[in-house]
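The lines below spell out each chain.
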Amino acid sequence: MTKRGSAKLKKGDIIFSEEEVNRDLYLIKKGQVLAFVTNRTEVTPISYFRVGEFIGELSFFDKNPRSATLICLEDTELDIYPYGESLKQFPSWCVTLAESITKKIRHYDDVLKNKGIRRKNEETLKPLSIETQRLYFKLLEDYKKSQGQA
(Lines give C-alpha, C1' and ligand atoms only; values in the text may rest on other atoms or scores of the structure.)
Protein backbone atom coordinates (compact mmCIF):
# COMPACT_ATOMS: atom_id res chain seq x y z
CA MET A 1 0.00 0.00 0.00
CA THR A 2 1.03 3.55 -0.53
CA LYS A 3 2.15 5.06 2.76
CA ARG A 4 1.57 8.80 3.05
CA GLY A 5 3.75 9.14 6.06
CA SER A 6 3.73 8.70 9.76
CA ALA A 7 2.47 10.55 12.78
CA LYS A 8 3.99 10.88 16.23
CA LEU A 9 1.29 11.48 18.79
CA LYS A 10 1.38 12.11 22.53
CA LYS A 11 -0.57 10.43 25.29
CA GLY A 12 -4.07 11.93 25.26
CA ASP A 13 -4.04 12.88 21.57
CA ILE A 14 -7.19 12.04 19.61
CA ILE A 15 -6.53 10.24 16.31
CA PHE A 16 -10.08 10.72 15.02
CA SER A 17 -13.54 11.13 16.52
CA GLU A 18 -16.80 9.26 16.26
CA GLU A 19 -18.83 10.40 13.22
CA GLU A 20 -15.80 12.12 11.69
CA VAL A 21 -15.44 11.69 7.94
CA ASN A 22 -11.90 10.44 7.48
CA ARG A 23 -11.13 7.42 5.34
CA ASP A 24 -7.41 6.94 5.91
CA LEU A 25 -6.07 3.69 7.31
CA TYR A 26 -3.55 3.61 10.16
CA LEU A 27 -1.04 1.04 11.39
CA ILE A 28 0.17 1.28 14.98
CA LYS A 29 3.97 1.19 15.02
CA LYS A 30 4.41 2.16 18.67
CA GLY A 31 2.04 2.74 21.58
CA GLN A 32 -1.44 1.77 22.62
CA VAL A 33 -4.80 3.20 21.53
CA LEU A 34 -8.28 3.04 23.06
CA ALA A 35 -11.49 3.15 21.01
CA PHE A 36 -14.49 4.59 22.82
CA VAL A 37 -17.99 5.86 22.10
CA THR A 38 -19.90 8.61 23.84
CA ASN A 39 -23.50 9.03 24.86
CA ARG A 40 -23.86 12.62 25.99
CA THR A 41 -21.00 12.89 28.50
CA GLU A 42 -20.72 9.15 29.19
CA VAL A 43 -17.57 7.60 27.70
CA THR A 44 -17.71 3.84 27.05
CA PRO A 45 -14.52 1.95 26.14
CA ILE A 46 -14.86 -0.43 23.19
CA SER A 47 -11.45 -1.87 22.41
CA TYR A 48 -7.72 -1.52 22.89
CA PHE A 49 -5.32 -1.57 19.94
CA ARG A 50 -1.60 -2.27 20.11
CA VAL A 51 1.51 -2.36 17.94
CA GLY A 52 0.97 -4.13 14.63
CA GLU A 53 -2.78 -3.55 14.47
CA PHE A 54 -4.61 -1.53 11.83
CA ILE A 55 -7.19 1.04 12.86
CA GLY A 56 -9.77 2.80 10.74
CA GLU A 57 -10.36 -0.10 8.37
CA LEU A 58 -14.17 0.06 8.48
CA SER A 59 -14.34 3.63 7.16
CA PHE A 60 -11.50 2.89 4.75
CA PHE A 61 -13.60 0.25 2.99
CA ASP A 62 -17.22 1.37 3.45
CA LYS A 63 -16.71 5.15 3.25
CA ASN A 64 -18.95 5.75 6.28
CA PRO A 65 -18.06 8.07 9.16
CA ARG A 66 -15.93 6.76 12.01
CA SER A 67 -17.82 4.55 14.46
CA ALA A 68 -15.70 5.44 17.51
CA THR A 69 -13.21 7.93 18.88
CA LEU A 70 -9.61 6.76 19.17
CA ILE A 71 -7.29 8.19 21.81
CA CYS A 72 -3.61 7.51 22.46
CA LEU A 73 -3.06 5.93 25.88
CA GLU A 74 0.69 6.54 25.58
CA ASP A 75 3.04 8.17 23.11
CA THR A 76 2.11 6.56 19.79
CA GLU A 77 3.53 6.33 16.29
CA LEU A 78 1.29 5.56 13.32
CA ASP A 79 1.90 4.80 9.67
CA ILE A 80 -0.78 6.53 7.60
CA TYR A 81 -2.18 5.01 4.40
CA PRO A 82 -4.29 7.51 2.45
CA TYR A 83 -7.63 6.26 1.22
CA GLY A 84 -7.45 7.18 -2.47
CA GLU A 85 -4.00 5.91 -3.35
CA SER A 86 -4.03 2.82 -1.17
CA LEU A 87 -7.44 1.53 -2.24
CA LYS A 88 -6.31 1.50 -5.89
CA GLN A 89 -3.76 -1.18 -5.03
CA PHE A 90 -6.35 -3.76 -3.97
CA PRO A 91 -7.88 -6.13 -6.55
CA SER A 92 -11.57 -5.37 -7.08
CA TRP A 93 -12.65 -8.72 -5.61
CA CYS A 94 -10.71 -7.90 -2.43
CA VAL A 95 -12.45 -4.53 -2.11
CA THR A 96 -15.85 -6.19 -2.65
CA LEU A 97 -15.08 -8.79 0.03
CA ALA A 98 -13.87 -6.14 2.49
CA GLU A 99 -16.99 -4.02 1.86
CA SER A 100 -19.19 -7.06 2.53
CA ILE A 101 -17.40 -7.91 5.77
CA THR A 102 -17.46 -4.26 6.85
CA LYS A 103 -21.23 -4.08 6.26
CA LYS A 104 -21.75 -7.10 8.51
CA ILE A 105 -19.51 -5.67 11.24
CA ARG A 106 -21.37 -2.33 11.17
CA HIS A 107 -24.70 -4.17 11.40
CA TYR A 108 -23.62 -6.16 14.45
CA ASP A 109 -22.10 -3.05 16.01
CA ASP A 110 -25.53 -1.39 15.73
CA VAL A 111 -27.27 -4.44 17.23
CA LEU A 112 -24.87 -4.45 20.19
CA LYS A 113 -25.14 -0.69 20.62
CA ASN A 114 -28.95 -0.79 20.65
CA LYS A 115 -29.63 -4.09 22.44
CA GLY A 116 -26.42 -4.87 24.28
CA ILE A 117 -25.20 -8.35 25.00
CA ARG A 118 -25.17 -10.37 28.18
CA ARG A 119 -23.03 -13.45 28.43
CA LYS A 120 -21.97 -15.26 31.54
CA ASN A 121 -18.26 -15.58 32.21
CA GLU A 122 -17.42 -13.21 29.34
CA GLU A 123 -14.42 -10.97 29.91
CA THR A 124 -15.29 -7.39 29.04
CA LEU A 125 -13.56 -4.05 29.16
CA LYS A 126 -13.68 -2.44 32.55
CA PRO A 127 -15.61 0.82 32.74
CA LEU A 128 -13.56 3.99 32.87
CA SER A 129 -13.39 5.95 36.09
CA ILE A 130 -15.42 9.16 36.23
CA GLU A 131 -12.18 11.15 36.19
CA THR A 132 -10.94 9.34 33.08
CA GLN A 133 -14.31 9.78 31.38
CA ARG A 134 -14.20 13.51 32.11
CA LEU A 135 -10.64 13.78 30.81
CA TYR A 136 -11.39 11.90 27.58
CA PHE A 137 -14.61 13.84 27.05
CA LYS A 138 -12.71 17.14 27.47
CA LEU A 139 -9.96 15.98 25.10
CA LEU A 140 -12.62 14.98 22.57
CA GLU A 141 -14.37 18.36 22.85
CA ASP A 142 -11.03 20.17 22.38
CA TYR A 143 -10.26 17.98 19.37
CA LYS A 144 -13.63 18.70 17.76
CA LYS A 145 -13.13 22.44 18.25
CA SER A 146 -9.68 22.23 16.64
CA GLN A 147 -11.23 20.39 13.68
CA GLY A 148 -14.05 22.93 13.29
CA GLN A 149 -16.69 20.48 14.47
CA ALA A 150 -19.53 21.54 16.76
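Keep in mind that what you see is a predicted model, and the values were worked out from it rather than measured.

S.K.: Any chance you could break down the sheet that holds strand β7 (residues 69–72) for me, citing the residues and the numbers?
M.R.: Sheet architecture is open: four strands sit in the order β2-β7-β4-β5, paired in antiparallel fashion. Of all the strands in the sheet, the pair left with one neighbour each is β2 (14–16) and β5 (42–49). Direction aside, neighbouring strands of the sheet carry axes that sit 35 degrees apart on average. As paired strands, β2 and β7 are joined by two bridges and run antiparallel to one another. Bridge pairing in β7 places Ile14 opposite Ile71.

S.K.: Requested: an account of the pattern of salt bridges, with residues and values cited.
M.R.: For the structure on display, the rule yields four salt bridges. With a closest N to O distance of 3.9 Å, Lys29 and Asp79 form a salt bridge. With Lys29 in strand β3 (residues 25–30) and Asp79 in strand β8 (residues 76–81), the pair connects residues that are 50 residues apart, well separated along the chain. Looking at Lys29, the relative accessible area reads 45%, which means it is partly exposed. Overall, the relative accessible area of 8% leaves Asp79 in the buried class. For Lys138, the salt bridge is made with Asp142, and the minimal N-O distance between the two is 2.9 Å. With Lys138 and Asp142 both in helix α4 (residues 130–146) and four residues apart, the pair spans about one turn of that helix.

S.K.: Which residues make up the pairing of β7, and what are the values?
M.R.: Residue alternation in β7 divides its side chains into two sets, Thr69 and Ile71 and Leu70 and Cys72, and both sets are buried. Inspection of the sheet shows strand β4 (residues 33–39) paired to β7 by four bridges, in the antiparallel sense. Paired with Leu34 across the bridge in β7 is Ile71.

What counts as what
- Residues numbered from 1 in each chain as written.
- Predicted model: local features only at pLDDT ≥ 70, side-chain atom pairs only at ≥ 80, totals over all residues.
- Heavy atoms only, no water.
- Pairing = 2+ DSSP bridges.
- Helix = DSSP H or I, 4+ residues; strand = E, 2+ residues; numbered from the N terminus.
- Axes fitted to C-alpha atoms, helices over the stretch in contact; angles between N-to-C directions.
- Salt bridge = Lys/Arg side-chain N within 4 Å of Asp/Glu carboxyl O.
- Buried < 20%, exposed > 50% of the residue type's maximum accessible area, 1.4 Å probe, protein only.

From the geometry alone we can't say anything about function, so treat these as descriptive.
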